[in-house]
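# A closer look at the structure
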Amino acid sequence: MQIESGRLSEEQIALFQQEGYFIADNVFDPVDLEPFRQHLEREIAVKIDELVKDGKVENSHAEEALEQRLTRIYHDNKENGREVLAHLAETKGSVQQGRSVFDLIAHPKLSKAISSLVGPEIVVSAIYRIRPKIPGSGKGNVPWHQDSGYFVEHCDKHLIVTCWIPLVDATVENGCMEILPRSHKRGILKHYTGGNSGFLVVRDEDLPSDVPEKIAAECPVGGVVFMTNMTPHCSTPNSSDTIRWSVDLRFQSADIPNNIGLWPDRNEEDAKANEQIACYPPEADFVVCSEKDPNSVATYESFKARRSAFEPWGVENRPRVWAPLA
Ligand SMILES: O=C(O)CCC(=O)C(=O)O
């Protein structure tokens, strides 16, 4: 659906509240995503050059664009592909802390659209994930879950909006997400640990069955899928021959528990407060918009400093405890 003047209309907000998701086709002009896309291309090139120097990669597929290059590397040698993927996921490295990542997170067009859902005091979390879904790899197929399955329980009652942003048109063929509509007001579903790649899993039989059929959340480049933290969703295999690139970001109102102002690496009290208050203590929150206190808005430098001050906890030590899959 198209949005007008950069915001969701009253009817579109009502739809988001009723369905648990809303797909806006035109939040960005595709050119707005170009710096981020180029950043990924550069980072992939740097890592591949390193692998070439180490004698691990023979054909660097330098002529290929973002949609193809990593697929070629992965299919030539899975271990090399995994090394590039690991580089893209390093939380303290140059990929995740790049300038264009911050510029995307704090992009005025995104802030404007998201303000329709969370108001003008906007906090974003460092739980952003860059997802290259490589054809035939299976690694990026995320099982059914609610994002709140990963968050601390006391935030279940609050709205945290996931913005899922594709860098290529996301289609059924290349593994877009699936969403279960009208199922976000039933509290937290039972999650299990032990899904593929360490993901949490809601079993099919535990999904609500008296709601409309799941939908395929296809989304063009420039669009954003907005979802609540309680909306069950998953993603499907990529059966195309190009990579499905996307990034997902999480926004909330500043009135909802967060770790703004806390520096867990600097003192113990902050570390304790963070664990008691934040919706996702292992990662930093930042202010991206504030009418009340414009000085609190993160700059690129403060963004990097906060990201570095937090230590991601890893799958063995998640903020919320779930039983393993039988
Ligand atoms: O990108 C995907 O395929 C899945 C994304 C997802 O599960 C999420 O953003 O929570």
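Residues numbered from 1 in each chain as written. Predicted model: local features only at pLDDT ≥ 70, side-chain atom pairs only at ≥ 80, totals over all residues. Heavy atoms only, no water.

### Let's talk about the sheet that holds strand β9 (residues 233-235)
Spatially, β7-β5-β9 is the arrangement adopted by the 3 strands of the open sheet, whose pairing is antiparallel. Of all the strands in the sheet, just β7 (215-217) and β9 have a single pairing partner and so form its edges. Ignoring which end each strand starts from, the neighbouring axes of this sheet average 35 degrees apart. When strand β5 (residues 177-179) meets β7, the two strands line up antiparallel, connected through 3 bridges. Of the residues in β7, the one forming a bridge with methionine 177 is alanine 217. (Pairing = 2+ DSSP bridges. Helix = DSSP H or I, 4+ residues; strand = E, 2+ residues; numbered from the N terminus. Axes fitted to C-alpha atoms, helices over the stretch in contact; angles between N-to-C directions.)

### Quick look at the pairing of strand β11 (residues 285-289)
Among the 5 residues in β11, 4 count as buried, and that is most of the element. Taken together, the 4 bridges between strand β2 (residues 122-125) and β11 define a ladder with antiparallel strand orientation. Bridged to valine 123 within β11 is valine 287. (Buried < 20%, exposed > 50% of the residue type's maximum accessible area, 1.4 Å probe, protein only.)

### Side note on unusual backbone geometry
With a phi angle near 50 degrees, histidine 61 is a residue other than glycine that sits in the positive phi range. Checked against the element boundaries, histidine 61 lands in the loop between α2 (34-53) and α3 (69-76). With relative accessibility at 8%, the residue histidine 61 sits in the buried group. Residue arginine 182 is not a glycine yet carries a positive backbone phi of 50 degrees. If you trace the backbone, arginine 182 turns up in the loop between β5 and β6 (192-193).

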